[in-house]
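Architecture at a glance
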Amino acid sequence: MRLLLVEDDDRVAAALSAVLGRHGFQVRHARSGHEALDALVPDGNDPYRVVLLDLGLPDRDGFEVCSRIRAASSVPVIMVTARADIRSRIHGLNLGADDYVTKPYDMGELLARIHAVARRGLTAAAQTGTEPDRPNPPRGPLEARGVVIDRERRRVSVNDRDVPLTRKEFDLLALLAQSPGVVYRREQIFSEVWRSGWEGNGRTLEVHIGSLRTKLGLPGLVEAVRGVGYRLIPEQPAEDQPADEPGPDERAGDDGTGR
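Residues numbered from 1 in each chain as written. Predicted model: local features only at pLDDT ≥ 70, side-chain atom pairs only at ≥ 80, totals over all residues. Heavy atoms only, no water.

**Examining the packing of aromatic side chains**
Within a pair of aromatic rings, the relevant descriptors are the distance that separates the centres and the angle that separates the planes. The cut-off we apply is this: Side-chain rings of Phe, Tyr and Trp (the six-membered ring for Trp) are treated as a pair once their centres are within 6.5 Å; stacked means planes under 30 degrees apart, edge-to-face means over 60, and tilted covers the remaining angles. Note on criteria: charge over ring means Lys NZ or Arg CZ within 6 Å of the ring centre, with the direction from the centre no more than 35 degrees off the ring normal.
For the structure on display, the rule yields one aromatic pair. The positively charged end of Arg2 is found above the aromatic ring belonging to Tyr48, 4.2 Å away from the centroid.

Rendered as structure tokens:
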């Protein structure tokens, strides 16, 4: 997932870009409003899925940048700023920002908000029939390493061989395949697939991941990122490794309701 980070403080941008990169995001850093607007001009590359916009920019106010972005694009914008007063929040949202996060923030919450606005952007595009800001249509088949996921008919095949999956297994695989390489946090997976909180359900997720690896016959397709969550690996590794051992926080608390 491509992400545009608009931040004039290089140290803040470097730290945030490093974290986002570890979660599978491709980050471009813009240091000014002018550079941000130039970055959003179509250039043949995949469009940005989210813009993280600081308000205190050296050349123009972030509110003006947001207004100009919204006039030209439907890309979701999250304002990330130290301005915590309610008037700034209201003004930013009225200008078209999709979310408003104040510094200092929890990184886990920011990641959840990024995924949420990106997901809403795709849903809105599908409902209105407009072109979403991403290269592929929102409901077409997903493919990775011989795995074809037909979301319309809820069917999965591997090298033309149908693979029967349970409802939760299918939903889990389809979620991870939406953004190959991007790490989905355990909290987000449970929110979207199980419609419940993650706490106490770590074993349930571990069992479903293990079942997917076995049924698909691709142990290296879904990778565990210790202490964070899971991601789908779109490229064939040098050699498939056995399924990752679960971390301590993944072993506890199966409530038996996973399927």
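Next comes the rest of the write-up.
**Section: the side chain of Glu7**
So the rule is basically this: Numbering of helices and strands runs from the N terminus, with a helix taken as a DSSP run of H or I at least four residues long and a strand as a DSSP run of E at least two residues long. Summary of the burial criterion: residues with accessible area below 20% of their type's maximum are buried, those above 50% are exposed, and those between are partly exposed, where the area comes from a 1.4 Å probe applied to protein chains only. The criterion used for residue contact is that any of the two residues' heavy atoms lie within 4.5 Å.
The residue Glu7 is located in the loop between β1 (2-6) and α1 (10-22) in this model. Under the relative-accessibility criterion, Glu7 is labelled buried at 5%. Apart from the residues within four sequence positions on either side, Glu7 is in contact with Val12, Ala13, His29, Ala30, Arg31, Asp54 and Lys103.

**Side note on the packing of helix α6 (residues 167-178) against helix α7 (residues 186-194)**
We apply this condition: For every element, the axis is a line fit to its C-alpha atoms; helices are fit only across the contacting stretch, and the angle between N-to-C directions ranges from 0 to 180 degrees. Here the angle decides the label: under 35 degrees means roughly parallel, over 145 means roughly antiparallel, 65 to 115 means roughly perpendicular, and every other value means oblique. What makes a crossing left-handed is the near helix being turned counterclockwise from the far one by less than a right angle; a clockwise turn instead makes it right-handed. Gly is put with the polar residues, along with every residue not named as nonpolar or charged; the nonpolar set is Ala, Val, Leu, Ile, Met, Phe, Trp, Tyr, Cys and Pro, and the charged set is Asp, Glu, Lys and Arg.
Between α6 and α7, the shortest axis-to-axis distance is 10 Å and the interhelical angle comes to 125 degrees. Compared by their axis directions, α6 and α7 come out oblique. Note that α6 runs across α7; the crossing there is right-handed. Contacts between α6 and α7 involve Lys168, Asp171, Leu172, Leu175 and Leu176 on the former and, on the latter, Ile189, Glu192, Val193 and Trp194. Here the contact of α6 with α7 is built from residues that sort into six nonpolar, no polar and three charged.

**Thoughts on the pattern of salt bridges**
To keep it simple, the criterion reads: The term salt bridge refers to a pairing of a side-chain nitrogen on Lys or Arg with a carboxyl oxygen on Asp or Glu at a separation within 4 Å.
Tallied over the entire structure, the rule returns 16 salt bridges. The salt bridge involving Glu64 is made with Arg60; its shortest N-O contact spans 3.8 Å. What makes Glu64 partly exposed here is its relative accessible area of 39%. Put simply, Glu7, Asp54 and Lys103 are held in one network by salt bridges that share partners.

**Examining the pairing of strand β11 (residues 222-225)**
This is how it is decided: Paired strands are those between which DSSP finds at least two bridges.
Pairing geometry for β11 and strand β12 (residues 229-232), over four bridges, is antiparallel. Among the inter-strand pairings, Ala224 is bridged to a residue of β12, identified as Tyr230. Linking two consecutive strands that pair antiparallel, namely β11 and β12, is a turn of three residues; a positive phi of about 80 degrees is found at Gly227 within it.

**Overview of unusual backbone geometry**
Negative phi is the rule for most residues except glycine; trans is the rule for most peptide bonds. Look at the link from Lys103 to Pro104: it is a cis peptide, with omega at -5 degrees. Mapped onto the secondary structure, Pro104 falls in the loop between β5 (99-102) and α5 (107-128). Even without glycine at this site, Arg154 takes up a positive phi of about 55 degrees. By secondary structure assignment, the location of Arg154 is in the loop between β7 (147-150) and β8 (155-158). Its identity as a non-glycine residue notwithstanding, Asp160 has a phi of 70 degrees, on the positive side. Considering the arrangement of structural elements, one finds Asp160 in the loop between β8 and β9 (161-162).

**Thoughts on the pairing of strand β4 (residues 77-81)**
The condition that has to hold: When the strands point away from the viewer and the path from the first strand over the helix to the second turns clockwise, the crossover is right-handed.
With five of five residues buried, β4 is to be regarded as a mostly interior element. Pairing between strand β3 (residues 50-53) and β4: three bridges, direction parallel. Directly across from Leu53, in β4, lies its bridge partner Met79. Handedness of the crossover is the feature at issue here: the chain leaves β3, passes through helix α3 (residues 62-72), returns alongside β4, and the resulting connection is right-handed. The pairing of β4 with β5 spans four bridges and is parallel. Bridge pairing links Val80 to Val101 in β5. For the segment spanning β4, helix α4 (residues 86-94) and β5, crossover handedness is right-handed.

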